[in-house]
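The chain contents come next:
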Amino acid sequence: MFHESSSVIFLTLFSLNNSLSSPRKSISGDFSGAGLSSTMTVKGRYQLEWSKSRSRSISIISINNIFINIVIQHRNLLQSAHGSTKMDLQKTPRSKESFEKVPFITAALTYLGFYFLMFLGFINQLFFVPKIATEKNREGYAPLYDNFEKFYFKYVYRRIRDCWNRPICSVPGARVTLKNRVTHDNGWTFQFTGTETQCINLGSYNYLGFAKASGKCADESIKTLRKFGCASCSTRLELGNMPIHDELEKLTAKFLGVEDAIVFGMGFATNSLNLPSLVSKGCLVLSDEKNHASLILGLRLSGAVIQIFKHNSVKHLEECLKKAIVFGQPKTSKPWKKIIIVVEGIYSMEGSIVHLPEMLELKKKYKAYLYVDEAHSAGSMGKHGRGVCDYYGIDPREVDILMGTFTKSFGSAGGYIAGTKALINHIRIYGHAHTYATSISPPVTQQIITSMRIIAGEDGIDGKKRIKQLARNTRYFRRRLNQIGVIIYGNEDSPVVPMLVYLFSKIGTVIRTLTSRNIATVGVGFPATPLMEGRIRFCLSAAHTKEQLDYVLSHIEEIADILGLKYSRKPRTTTKIEYSDSEME
Amino acid sequence: MNTNLLFVESVEVLRNSLLHYHTLLEVILVLWIVWFIFKKRSKQDSVPSKELVENKLAEWRPESLVPESPKNHPSLSPKYVTSKVGKRVIVDGKNCLNLGTHNYLGLSDKAELIESAAAAIKKYGVGSCGPRGFYGTVDVHLELEERLAKFMGVEEAITYSYGFTTVSSAIPAYCKRKDLIFVDERVNFAIQKGLDASRGNIQYFKHNDAQDLRNLLMKQEEIDKRHLKKGAKVKRFLIIEGIYVNTGNICPLPELLALCKEYKLRIFIDESISFGTIGLHGKGVTEYFNIPISEIDMIMGSLEWAIGTIGGFCVGASFIIDHQRLSGLGYCFSASQPPLLASAAITSLDIIENNLEIVQSLKNNALSIHNGLKEILMLECSSFAESPLKHVYLKEQKDRAIEEKLLSAIANKCIENNLAIIVPVYLESEIILPRPSLRLCISASLDNSDIEFALNALKKCTEEILSFCE
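Residues numbered from 1 in each chain as written. Chains lettered and ligands numbered in written order. Predicted model: local features only at pLDDT ≥ 70, side-chain atom pairs only at ≥ 80, totals over all residues. Heavy atoms only, no water.

As recorded in an unreviewed UniProt entry, chain B goes by the name Serine palmitoyltransferase 1, listed as coming from Mycetomoellerius zeteki. For the record of chain B, the UniProt heading Cofactor (unreviewed entry) holds the text "pyridoxal 5'-phosphate". According to its UniProt record, chain B has this under Sequence similarities (unreviewed entry): "Belongs to the class-II pyridoxal-phosphate-dependent aminotransferase family." (UniProt positions renumbered as here; feature names shortened; annotations may be inferred.)

Per an unreviewed UniProt entry, the recorded name for chain A is serine C-palmitoyltransferase, and the organism is Mycetomoellerius zeteki. Looking at the Cofactor (unreviewed entry) heading of the UniProt record, one finds this comment for chain A: "pyridoxal 5'-phosphate". Chain A has a UniProt comment under Catalytic activity (unreviewed entry) that states "L-serine + hexadecanoyl-CoA + H(+) = 3-oxosphinganine + CO2 + CoA".

Structure (structure tokens):
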């Protein structure tokens, strides 16, 4: 009952926003009449969808659950203002990077809609107490969860719960098979229908297309599995050290062009368990505000002072460095033991690429050290797929600590840290993961070795082709989205493409609509992103063909009209965008 | 007279005694504003001048990124394993009987396990290419979670991709700043890191000492009496291990549980070692002590030891476990477990469920090694008799460095004599650095002759090394 009332109100908001955004369509050459009709379609369609799924709670807003804690923690650390980031970036525009500002009306509506939803959730909570999920035999105990947190997850996030954690039952390749599920109780629980949907996969981090169940990588992994088993049941320092691990470390070091490397069984653990052995009390860490949770956790465990600088802002970083040098440690004013700048290669939520050359200059000037997390960029960036250093043509030895994961481009699992021999030896002796966590599984290791050899070109030109294909797909897809008129964030060369939809209602609707058209994507909203920057994220892959991208783009274009996603006020080209290798167009 | 009136009265008094009290207030206000402006200027808000920065920069000598590490540190030259890790293992070219790795049930090299992993590669590829939230939830993950929940007899299970991260993520998902956390002082490193991340108010009690815990709780009760309101809001937790990795002892669960009920503590147990190894069906300490699992708020476990793959899990009521799907950092932000490892874990559970005698034979082996160790006079073992993990110490306590040297010499000698035993490696940053020991991991696949061989080899090597040193 409350769902219905909420949906009516949101429908109004939704169409209001849509009709408000329609005048902009004239820029793209549409007639205002077309805008009007599209508004009508929205209403009709939305109502249709609503009546179809009355039993299911229609999601009005979107929250990305996932980053809740860490984002809040990160914010608490320095209360960095998210809003100012964009402005800062606009002051120093980069030719290849774009962070278009949100239209005022949309921003206002987004806020309004969000508070409305909170309000409705609150009323909902007063009247509707779920039968499931209560704690038993714990009367008189202090409540386990924070009230707001509980409310948020149960009455706000639940409405769009179906957009995340979707189970798959195939390789997460260019296509992926979803297991269909339904909810009969407004998102509290899900049941499988027994059916499956095959979708084009723009959600997985399969940048170079190595997620495959057959072929060289899979065959060699199976061979290694039969020879060495699944796992060693031991740590590297005890009895879990196999020659294949050494082989991978040597190969990684060679691939990246540094002295030495060390590998771990989990990417997240690589950051969170090794940073404490690199920084300690009395050290200052300058951390980008959009850094990944694992980095923040690692830094928090280290006991170092963490200062956050605005996303990718070289200017702000320099200010922080200057202050750190002059003022030293708080209270005592003693100089810092050391200063470490922690950045990522590609930011997975922003699609931006680190301004590495400028950061390197600062690092040298101010005698700081640089830690680059290449979770998304290793393999996917640069002519040779060696990450951001390769992309900028920088000697990788200039970066003090190179970290990366094997989950993404290599289609496997695990992570590495690479750098000088002294650094790696230090981690071998003092790193938490190396001492206490189990060694990386042999078949998983083999997958990395095989795929890395292919990328490095040791087995012919297949790797080069993949890197080229990814770059071509990225440019084509981003240019076409720009042409459609949606706002996308980030660098032109980044295979992570966030498309801004702002309103919470739209995140859920876009994901569901795209799924119904056999396209699997990921949505991200508050609190993973700032409140009014709800977005859909596409991850491109070398495995995607032009036809698949065209199919996706044509549907995006269609729903962008229906749902009013054409927020961009930048001039659009009307010329046909070529699917080509050329950098310039 | 109520407090409001008191306030009015006091202002009245002030007004009468200080005729120009408002002038005074104004002066204070002006002073405060001046101070505020001055403070703003002197604070670190403005960017320092160029000269100042340059001067300071020229003076500043930052530490090197990492200190110079000792050249011949043992961690830099670990032993090589060049075979599957099973009942036997090839260490540095020597074919050894394996008492060094944690494959308690001898499952890690089982053909069924490997075939199911191979089949998973053929269906899903190797990696999952995404976190659980973003198309990284493969149907085998859901199946594994369901199977674990069923095996343990609880509502829900959640799986992680790495054992260490499971424990260190699950704890801070519930324990927050200001929460009271009572912890056994000998808990493993993963729990220690989880506690660090939680930033709670941590109180360590003596290893397996319920009385010491009671004392702490009573002390806390005293404090709470003074702040009744505050005390009621503070969450209290007890975090223990089923069988302690660092000592091989079993926790006195019934006593601790009684305290939990009395003082309203929620209890989390890390069953990394005890899962699959203790109790009639291998369900861990709750089964061993015959305690209904619903009494325990959460059980954390590892798939890396008895189960023989890689990953970790937590089980408990849905109310508890479901929270981690949104707040478990290592769950949300990490790529999901490779499907081949999940698939292998399911096969492991199949084997355990269908072969009750495995757990039984593990128990028998543990007992016979425990008895056999008593015959070796130069060593002592205080670990729990049925524990599959045993720490063997030198009977005569010596300096840490000397003990370490002697024990590694014994371990190396054992490997030369075809018995793989290791000296566990610890970092200095442990809360209590465990005493150097030889660690024996007993497997269900050993038979009587293996045990006899192992004990004899250990005895021979120990005597040789220790007599040589004397």
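**Q** Residue-level account of the interface of chain B and chain A, with values.
**A** Counting residues at the interface gives 117 residues for chain B, matched by 122 residues for chain A. For the pair chain B and chain A, the summed buried area comes to about 10,600 Å², and 67% of that belongs to carbon and sulfur atoms. Between chain B and chain A we count five salt bridges in total. Linking chain B with chain A are 37 residue pairs in polar contact (both at pLDDT 80 or more), by the criterion used here. No other element matches helix H4 (residues 111-124) of chain B, which puts eight residues into the side of chain B that touches chain A. Grouping the constituent residues of the side of chain B that touches chain A by class yields 60 nonpolar, 30 polar and 27 charged. Relative to strand S3 (residues 137-138) of chain B, strand S2 (residues 167-168) of chain A runs parallel, the two sharing two bridges. Bridge pairing links Ile168 of chain A to Val138 of chain B in S3 of chain B. (Contact = heavy atoms within 4.5 Å. Buried area = accessible area lost by both parts, 1.4 Å probe. Salt bridge = Lys/Arg side-chain N within 4 Å of Asp/Glu carboxyl O. Polar contact = N/O pair within 3.5 Å; in protein donor to acceptor, adjacent residues only side chain to side chain. Helix = DSSP H or I, 4+ residues; strand = E, 2+ residues; numbered from the N terminus. Nonpolar A, V, L, I, M, F, W, Y, C, P; charged D, E, K, R; others polar. Pairing = 2+ DSSP bridges.)

**Q** Before we move on, can you summarise the domain arrangement of chain A with the specific residues and values?
**A** In terms of domains, chain A is made up of domain 1 (100-128 + 145-155) and domain 2 (216-456). Relative placement of domain 1 of chain A and domain 2 of chain A: their C-alpha centres are 37 Å apart. (Domains from an automatic or database assignment.)

**Q** Just give me the short version of the domain arrangement of chain B, but keep the residues and values in it.
**A** Residue and element names in this part refer to chain B. Structurally, chain B comprises domain 1 (111-354) and domain 2 (358-468). The distance between the C-alpha centroids of domain 1 and domain 2 comes to 27 Å. Counting residues at the interface gives 23 residues for domain 1, matched by 21 residues for domain 2. Interface area for domain 1 against domain 2, summed over the two sides, is near 1,700 Å², with a carbon-plus-sulfur share of 61%. Ranking the residues of domain 1 by area buried against domain 2 places Phe189, Asn246 and Thr277 at the top, with a combined share of 25%. Here domain 1 and domain 2 share zero salt bridges between them. The tally of links from domain 1 across to domain 2 stands at six residue pairs in polar contact (both at pLDDT 80 or more).

**Q** Describe the confidence of the model for chain A, with residues and values.
**A** Caution is warranted with low-pLDDT regions, since their predicted coordinates should not be read in detail. Per-chain confidence: chain A averages 82 in pLDDT, with 82% of residues scoring 70 or above. Counting contacts from residues 1-94 of chain A, a segment whose pLDDT is below 50, to residues more than four positions away or on other chains yields 196 contacts. (pLDDT = per-residue confidence, 0-100.)

**Q** For the UniProt feature "domain: Aminotransferase class I/classII large" (unreviewed entry) in chain B, give the residues involved together with the corresponding values.
**A** Within this numbering scheme, the UniProt entry marks residues 95-458 of chain B as carrying the feature "domain: Aminotransferase class I/classII large" (unreviewed entry). Taken end to end, residues 95-458 of chain B is 46% helix and 16% strand, and its two terminal C-alpha atoms sit 16 Å from one another.

**Q** Tell me what's going on with the UniProt feature "transmembrane region" (unreviewed entry) in chain B, and back it up with residues and numbers.
**A** Within this structure's numbering, the places UniProt gives as "transmembrane region" (unreviewed entry) are residues 20-38 of chain B. Helix and strand shares over residues 20-38 of chain B are 95% and 0% respectively, and the end C-alpha atoms of the span are 27 Å apart.

**Q** So what about the UniProt feature "transmembrane region" (unreviewed entry) in chain A? Which residues, and what values?
**A** Within the UniProt annotation, "transmembrane region" (unreviewed entry) is assigned to residues 104-129 of chain A. The annotated region residues 104-129 of chain A carries 92% helix and 0% strand content, and the separation between its end C-alpha atoms amounts to 37 Å.

**Q** Would you mind going over the nonpolar core in detail, with residue names and values included?
**A** A general feature of soluble globular proteins is that nonpolar side chains tend to end up buried together. Formed by 308 residues in total, the largest nonpolar core has its most connected members in Phe477 of chain A together with Leu458 of chain B. For this core, the element with the highest residue contribution is helix H15 (residues 339-354) of chain B, accounting for nine residues. If sequence neighbours within four positions are ignored, Phe477 of chain A has contacts with Leu202, Val497, Phe538, Leu540, Leu549, Val552, Leu553 and Ile556 of chain A. If you look at the next biggest cluster of nonpolar residues, it comprises 11 residues, including Ile487, Leu503, Met532 and Tyr567 of chain A. (Core = buried A, V, L, I, M, F, W, Y, C linked by side-chain atoms within 4.5 Å. Buried < 20%, exposed > 50% of the residue type's maximum accessible area, 1.4 Å probe, protein only.)

**Q** Which residues make up the environment of Tyr502 of chain A, and what values go with them?
**A** Residues and elements named next belong to chain A. Residue placement: Tyr502 occurs in strand S13 (residues 496-502). On the basis of relative accessibility, which here comes to 0%, the residue Tyr502 falls in the buried class. Among all residues touching Tyr502, those that are not within four sequence positions of it are Glu100, Lys101, Val102, Pro103, Thr106, Thr110, Ile487, Met532, Glu533, Gly534 and Tyr567.

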